[in-house]
Amino acid sequence: MNKFGSRGLYTQRMLSLPEMTSIEEFAQLLRLPKDYLNQFIKNNAKFYHEFKVSKKTGGYRRIKQPHKELKAIQRWILRNILDQLQPSPYCKGFIKNCSNLDNATPHQQKQYILNIDLENFFDHVPASHIYTIFNSVGYPKKLAFQMTKICTLGNCLPQGAPTSPALSNLATVRLDYRIGKFCEKNALTYTRYADDISISGNKSVAIKKADWFVERVITEEGYRINKDKRKISGPRVKREVTGLVINNKVGIGRKKYNYYRTMIFNLYKSSDPMLDNIFSGLDSYLSHVDKPRATMLKAYYSKLICNNGSVQNSVSFR
């Protein structure tokens, strides 16, 4: 074994990763024939199904769903390799036991908030970054290249593969640290939730300076800003981070609460058979991000059901 091979195995061992130096050893760990595994490396495009999903803000998102055989291999990589690696401390999305509440809370009661959206995020994570990840944790160049081919499609991350969220977090570590350290030096708070970047502080000058700096870093790192979603909010307006209002206490805000209440009322009046399931999911979400309004909505729903629809959908201003 050459010097790099020994060093690579040592790195894998230190990180508690599966120890392997070749595609043959990879196939053995997967309990699959090497030739079967090679088909996903040589021409993996034929093992994806593409479809469109509508976005809430308009337009659509292209989902590239891997076939179950390829997905099973990607899940093995996710479970045994990627889940053992840590993204930056600024990253809050695609992480177990971490939600948009964890992303919004650090920005609570800050006077100014800068929101930036990375356009077509997964499409701008190049295969070269994925190769670097696998090679840097101890896998030899050839094996790192082969694992990259399994996890990428058309030289980027496919949105729909189970490995893509974790890989996108690891691929943006340098971006996170460049922005994060700048913010710390300027008394600003920085978090990133997938493609949503949030920076907050109490001085408008510092936020405007960050806006200029972050745009430069994002461009240098190979990503693009969605200009339509770029926004600076000040103390006189509602300030939001990943869908949650952060003005005084973190929560969904009055407007969204009234929207949910109206939705429940309309579903009840139309005898929608999915009402219970929809309310259950909504209650679960609100109980996590805004317990006071979860209690209010639950009380409204119970009263609506008990009174057999006699409760009016009057707007609550609380």
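The structure under discussion appears in the preceding block.
To keep things clear, this report deals only with the structure shown in the data block.

What counts and how
- Residues numbered from 1 in each chain as written.
- Predicted model: local features only at pLDDT ≥ 70, side-chain atom pairs only at ≥ 80, totals over all residues.
- Heavy atoms only, no water.
- Buried < 20%, exposed > 50% of the residue type's maximum accessible area, 1.4 Å probe, protein only.
- Helix = DSSP H or I, 4+ residues; strand = E, 2+ residues; numbered from the N terminus.
- Arc of directions from axis to C-beta.
- Contact = heavy atoms within 4.5 Å.
- Expected span 1.5 Å × (residues − 1).
- Polar contact = N/O pair within 3.5 Å; in protein donor to acceptor, adjacent residues only side chain to side chain.
- Pairing = 2+ DSSP bridges.
- Axes fitted to C-alpha atoms, helices over the stretch in contact; angles between N-to-C directions.
- Parallel < 35°, antiparallel > 145°, perpendicular 65-115°, else oblique.
- Left-handed = near helix turned anticlockwise from the far one by under 90°.
- Core = buried A, V, L, I, M, F, W, Y, C linked by side-chain atoms within 4.5 Å.
- Salt bridge = Lys/Arg side-chain N within 4 Å of Asp/Glu carboxyl O.

1. Looking at helix α3 (residues 34–42)
- Every buried residue of α3 is accounted for by L37, N38, F40 and I41. Viewed along the axis of α3, the buried residues span an arc of 155 degrees, placing them on a single side of the element. Exposed and oriented more than 90 degrees from the buried face of α3 are D35 and K42.
- Buried-residue contacts for α3 involve α2 (23–30), α4 (68–80) and α7 (141–151).

2. Regarding helix α11 (residues 253–269)
- In this model α11 runs 25 Å from its N-terminal to its C-terminal C-alpha over 17 residues, within 8% of the 24 Å that 1.5 Å per residue would give.
- Listing the buried residues of α11 in full gives G253, Y257, N258, Y260, R261, I264, F265, L267 and Y268.
- Packing partners of the buried residues in α11 comprise β8 (244–245), α12 (275–289) and α13 (291–306).

3. Structural notes on the environment of S270
- Residue placement: S270 occurs in the loop between α11 and α12.
- The exposure class assigned to S270 is partly exposed, which follows from its relative accessible area of 49%.
- Within the structure, S270 has its side chain in polar contact with the backbone oxygen of N266 (distance 3.0 Å).
- Separated by 3.1 Å, the side chain of S270 and the backbone oxygen of L267 make a polar contact.

4. Topic: the sheet that holds strand β3 (residues 112–117)
- The strand order across the open sheet formed by 4 strands is β4-β5-β3-β6, and the pairing between neighbours is antiparallel. Two strands bound the open sheet, and with one partner strand each, they are β4 (189–193) and β6 (231–233). Averaged over all pairs of adjacent strands, the angle between their axes in this sheet comes to 15 degrees, without regard to strand direction.
- As paired elements, β4 and strand β5 (residues 196–201) share 5 bridges and run antiparallel to each other. Bridged to T191 within β5 is S198.

5. A few points about the environment of I232
- Relative to the assigned elements, I232 resides in strand β6.
- Look at I232 and you get partly exposed, because its relative accessible area is 40%.
- Separated by 120 residues in sequence, I232 and Y112 have C-alpha atoms that sit 7.0 Å apart.
- Those residues in contact with I232 that sit more than four places away from it in its chain are I113, L114, I207 and D211.

6. Observations regarding the packing of α11 against α13
- Two elements in contact, α11 and α13, have axes separated by 11 Å at closest approach and are oriented at 20 degrees. Here α11 is positioned roughly parallel relative to α13, judged by the angle of their axes. The two elements α11 and α13 cross, and the hand of that crossing is right-handed. Taken together, the residues of α13 that come into contact with α11 (itself represented by G253, R254, Y257, Y260, R261, I264, F265 and Y268) are R293, M296, L297, Y300, Y301, L304 and I305.

7. Some details on the nonpolar core
- Grouped together as the largest cluster of nonpolar side chains are 59 residues, with contacts concentrated most on F26, I77, I81, F134 and I199.
- With 7 residues, helix α10 (residues 204–220) is the single largest residue contributor to this core.

8. Quick look at the pairing of β3
- Counting buried residues in β3 gives 5 out of 6 residues, a clear majority hidden from the surface.
- Across 6 bridges, the pairing between β3 and β5 is antiparallel. Directly across from L114, in β5, lies its bridge partner I199.
- Direction of pairing for β3 relative to β6: antiparallel, over a ladder of 3 bridges. Along β6, the bridge assignment pairs L114 with I232.

9. A few points about the pattern of salt bridges
- The full count for this structure, using the stated rule, is 16 salt bridges.
- For the salt bridge of R224 with E119, the shortest nitrogen-to-oxygen distance reads 3.6 Å. Placement of R224 in the loop between α10 and β6 and of E119 in the loop between β3 and α6 (127–136) is noted, with a sequence separation of 105 residues between them.
- Three or more residues joined by partner-sharing salt bridges are found here, namely R174, R178, R216, E220 and E221.

Take it as geometry only, folks, not as evidence of what the structure does.
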